[in-house]
Amino acid sequence: MWHGMKPAIAQLAIIVALSGGLWAQAGGYDLLLKGGHVIDPANHLDGIMDVAVSGNQIAAVAKNIPSSQAKKVVDVSGLYVTPGLIDIHYHIGHGGAPLNWFAQEARSHDEPLGILPDLALQSGVTTIVDAGSSGAETFVQEKQEVIDHAKVRVLAFLNIVGNGMQGGLEQTVDEMDPKRCEAMIRKYPDIIVGVKTAHYWTEKAWDAEHTPWAAVDRAEECAQAVNVPVMVDFWPRPQRTYADLILKKMRPGDIHTHVFAQQFPILLPDGKLNPIMEEARKRGVIFDVGHGAGSFWFRNAVPAVRQGFIPDSFSTDLHIENFTILSMANVMSKFLSMGVPLEDVIQRTTVNPAREIHRPELGTLSPGKEADIAVLEEQHGKFGYIDCGYARMDGNVKLVARMTVRAGRILYDPSGLSMTEWEKARPQYFSTPTFGNSTPAMADDYPRK
Ligand SMILES: [Zn+2]
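Residues numbered from 1 in each chain as written. Predicted model: local features only at pLDDT ≥ 70, side-chain atom pairs only at ≥ 80, totals over all residues. Heavy atoms only, no water.

Undergrad: Please clarify how the overall build of the chain should be interpreted in this entry.
TA: For the chain, the count of helices and strands is ten helices and 15 strands. Taking 2.2 N^0.38 as the reference for a compact globule, 449 residues should give roughly 22 Å; the C-alpha atoms of the chain span a radius of gyration of 23 Å, in line with that estimate. Projected onto its principal axes, the C-alpha positions of the chain cover 75 × 55 × 40 Å. Across the 449 residues that make up the chain, the buried fraction comes to 57%. Carbon and sulfur atoms make up 54% of the accessible area of the chain, which amounts to about 19200 Å² in all. Treating the 42 positive side-chain charges of the chain as one cloud and the 52 negative ones as another, the clouds have centres 4 Å apart. (Helix = DSSP H or I, 4+ residues; strand = E, 2+ residues; numbered from the N terminus. Rg over C-alpha atoms; globule rule 2.2 N^0.38 Å. Buried < 20%, exposed > 50% of the residue type's maximum accessible area, 1.4 Å probe, protein only. Areas by Shrake-Rupley, 256 points an atom, 1.4 Å probe, with all protein chains shown as cover. Lys, Arg positive; Asp, Glu negative; His and termini not counted. Charge placed at Lys NZ, Arg CZ, Asp CG, Glu CD.)

Okay, structure coming up:
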């Protein structure tokens, strides 16, 4: 889509270069990523360019910014430079499970649900959105224990269930209080970007309390009151069909996550894409990957992608059950291997999710915005990918994150792109400290903490 806008790129680059010059006069850049292939769909940029950072902000994106203008220069030639990626389906914290989850009196003996937010940095992800691990009753605890300590930016969908996901109350409709949900979102509008509903009444018979749409309806009631999207995790049943969900219940801007899970009729029996998918898209319904441990099947994904249906945003649904095998880079690699062009993959992990959560200031390399940057390598070879039905898809392309910058700081650089070769380190590096409080033997003085 944005290929057609390439003539605008040259003009934009000139404007950006001029603003970059002003920044340089003000005392030089702190960081310069030199020679990489920049893909920034929000600004229609796609080509070899340099990215300069001053403090915590993007200062300039332009061709040939002189190395002499920066304190730290990182050669990223041969690599892709993109806005820091956004994963809108991630799980952090305990998810409502009590902290004493080993104790007899604990309401749930399930493991804590979430994983460390900063693990996301390993894939070039700089913003994660917790997908309803906590609800109105448990959000403040999650904020204090996890969100406030993360280096990655953490936003959240608030579970319509007050107790959240792992506290054993997901089937209790009385726990789904739209008013309480609304009050909590009004209290933390800077963190909470939407409402989540999930896992509701998937197998038992309906009864007076458990009506088919209770969870979706209550999530919608809360979300509409504060004008945020609902993220829906859903299980269709005869009295609660997928068509009714995406064509009637969901509002424009609402997000159906887990779109390639086994339970959705996204393909007709003859293998053709179900027309309800495009019909829902025309209504403004958003489709998200939310890969997870049980929500991604190649038998749905590959035929849909071949027929041109690519989800609007790619997300992981990372949690305790899948973090050893899954990552954002893995999800992106699967779509690359299915033939989705890299620029489309980057669009679905930057500008698209930013818009979906009403945060257009994220997912872009625009000068003046917070400097969240991913440096990615596209590798070619023989790779195997797996889905949640334990099927394999072979591919010949793989995306690997090489460096992650969050708010101007290099927080992930496992191969030392930004580091000095050890034999060329400054003398201090070769010293043997005497005391615990001696000056650390660092190779250079670049601030990394
Ligand atoms: Zn999830």
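Following the structure, the description resumes.
Undergrad: Help me understand the coordination of the zinc ion in this model?
TA: Tetrahedral coordination by four donors puts the ideal angle at the metal at 109.5 degrees, and octahedral coordination by six puts it at 90 or 180 degrees. Protein coordination at the zinc ion comes from His89 (NE2), His91 (NE2) and Asp317 (OD), with a distance range of 2.1 to 2.3 Å. Look at where the donors of the zinc ion fall in the sequence and you get H-x1-H-x225-D. Judged by relative accessible area, which is 1%, histidine 89 ranks as buried. On the accessibility criterion, histidine 91 (2% relative accessible area) is buried. (Donors = N, O, S within 2.8 Å, 3.2 Å for Na, K, Ca; no water.)

Undergrad: Please explain the state of the cysteines as it appears in this structure.
TA: Disulfides are covalent bonds that connect the sulfur atoms of two cysteines. Scanning the model with the defined rule gives one disulfide in all. With its sulfur 2.1 Å from that of its partner, cysteine 181 forms a disulfide with cysteine 222. Residues cysteine 181 and cysteine 222 are joined through a disulfide that is left-handed, its torsion about the S-S bond being -75°. Here cysteine 181 is found in helix 3 (residues 178–187), whereas its partner cysteine 222 is found in helix 4 (residues 214–226), with 41 residues between them in sequence. Both residues of the pair, cysteine 181 and cysteine 222, belong to the buried class. (Disulfide = S-S within 2.5 Å.)

Undergrad: Just to check I follow, could you spell out the environment of serine 67 for this structure?
TA: Looking at the secondary structure, you find serine 67 in the loop between strand 3 (57–62) and strand 4 (73–75). The contacts of serine 67, once residues within four sequence positions are left out, are Leu32, Lys34 and Val73. (Contact = heavy atoms within 4.5 Å.)

Undergrad: Got a minute to help me understand the side chain of threonine 138 in this structure?
TA: Note on placement: threonine 138 falls in the loop between strand 7 (125–135) and helix 2 (139–145). Given the relative accessible area of 8%, threonine 138 is considered buried. Polar contacts involving the side chain of threonine 138 include one to the main-chain carbonyl oxygen of asparagine 163, which spans 3.3 Å. (Polar contact = N/O pair within 3.5 Å; in protein donor to acceptor, adjacent residues only side chain to side chain.)

Undergrad: I'm lost on the packing of aromatic side chains in this one. Help?
TA: The description of an aromatic ring pair rests on the distance of the ring centres and on the angle between the ring planes. According to the stated counting rule, one finds 13 aromatic pairs in the structure shown. Plain terms: the ring middles of tryptophan 422 and phenylalanine 430 are 6.5 Å apart, the flat faces sit at 45° to each other, and that makes the pair tilted. Between tyrosine 429 and phenylalanine 430, the ring centres sit 5.0 Å apart and the planes meet at 85°, which makes this aromatic pair edge-to-face. Taken together, Phe260, Phe287, Phe296, Phe298, Phe309, Phe314 and Phe335 form an aromatic cluster joined through their ring pairs. Lying over the aromatic face of tyrosine 446, lysine 72 brings its terminal NZ or CZ to 5.3 Å of the ring centre. The ring of tryptophan 206 carries arginine 237 above its face, with NZ or CZ at 4.2 Å from the centroid. (Phe/Tyr/Trp six-rings, centres within 6.5 Å; stacked < 30°, edge-to-face > 60°. Lys NZ or Arg CZ within 6 Å of the ring centre and 35° of its normal.)

Undergrad: Looking at this model, I keep getting lost on helix 3. Mind explaining?
TA: Because the α-helix completes a turn every 3.6 residues, residues three or four places apart line up on one side. Listed in full, the buried residues belonging to helix 3 are Pro178, Cys181, Glu182, Met184 and Ile185. The buried residues of helix 3 all sit within an arc of 165° when viewed along its axis, so they share a single face. Exposed residues lying more than 90 degrees from the buried face of helix 3 are Lys179, Arg186 and Lys187. In the core, the buried residues of helix 3 are packed alongside helix 2, strand 8 (153–159), strand 9 (192–197) and helix 4. (Arc of directions from axis to C-beta.)

Undergrad: What exactly am I supposed to notice about the sheet that holds strand 12 (residues 286–287) here?
TA: Strand-to-strand pairing in sheets goes through backbone hydrogen bonds, with the strands running parallel or antiparallel. With respect to topology, seven strands assemble into an open sheet ordered 6-7-8-9-10-11-12, the strand pairing being parallel. Each of the sheet's edge strands pairs with one partner strand only, and the pair in question is strand 6 (85–90) and strand 12. In terms of strand pairing, strand 10 (residues 230–232) meets strand 11 (residues 255–256) through two bridges, oriented parallel. Within strand 11, the position partnered with methionine 231 by the bridge is isoleucine 255. Here helix 3 sits on the sheet in contact with strand 8 and strand 9, set at roughly 155° to strand 9. Where helix 4 meets the sheet, its contacts fall on strand 9 and strand 10, and the angle it forms with strand 9 comes to roughly 165°. (Pairing = 2+ DSSP bridges. Axes fitted to C-alpha atoms, helices over the stretch in contact; angles between N-to-C directions.)

Undergrad: Please clarify how the pairing of strand 1 (residues 31–40) should be interpreted in this entry.
TA: Successive residues of a regular strand alternate their side chains across the two faces of the sheet. Counting buried positions along strand 1 gives seven out of ten residues, so the element sits mostly inside the fold. Pairing analysis gives eight bridges linking strand 1 to strand 2 (residues 45–54), with the strands arranged antiparallel. Looking at strand 2, one finds that histidine 37 is bridged to isoleucine 48. Joining the antiparallel neighbours strand 1 and strand 2 is a turn of four residues, in which histidine 44 adopts a positive phi near 55°.

Undergrad: Help me out: how do you make sense of the pattern of salt bridges in this one?
TA: Between side chains of opposite charge, a pair can form as their charged atoms come close. The tally for this structure, following the rule as stated, stands at 17 salt bridges. Taking the shortest distance from any N to any O, the salt bridge between aspartate 372 and arginine 153 comes out at 2.8 Å. Of this pair, aspartate 372 sits in the loop between helix 10 (351–356) and strand 13 (373–386) while arginine 153 sits in strand 8, placing them 219 residues apart in sequence. According to the relative accessible area criterion, aspartate 372 is buried, its value standing at 7%. (Salt bridge = Lys/Arg side-chain N within 4 Å of Asp/Glu carboxyl O.)

Undergrad: Any chance you could explain the packing of helix 5 (residues 242–249) against helix 6 (residues 275–283) here in plain terms?
TA: Following both chains from N to C, one finds helix 5 and helix 6 inclined at 20°, their axes separated by 9 Å at the closest point. Judged by the inter-axis angle, helix 5 sits roughly parallel to helix 6. Note that helix 5 runs across helix 6; the crossing there is left-handed. For the pair helix 5 and helix 6, contact is made by Tyr242, Ala243, Ile246, Leu247 and Lys248 and by Ile276, Met277, Glu279, Ala280 and Arg283, respectively. When grouped by side-chain class, the residues that make up the contact of helix 5 with helix 6 number seven nonpolar, no polar and three charged. (Parallel < 35°, antiparallel > 145°, perpendicular 65-115°, else oblique. Left-handed = near helix turned anticlockwise from the far one by under 90°. Nonpolar A, V, L, I, M, F, W, Y, C, P; charged D, E, K, R; others polar.)

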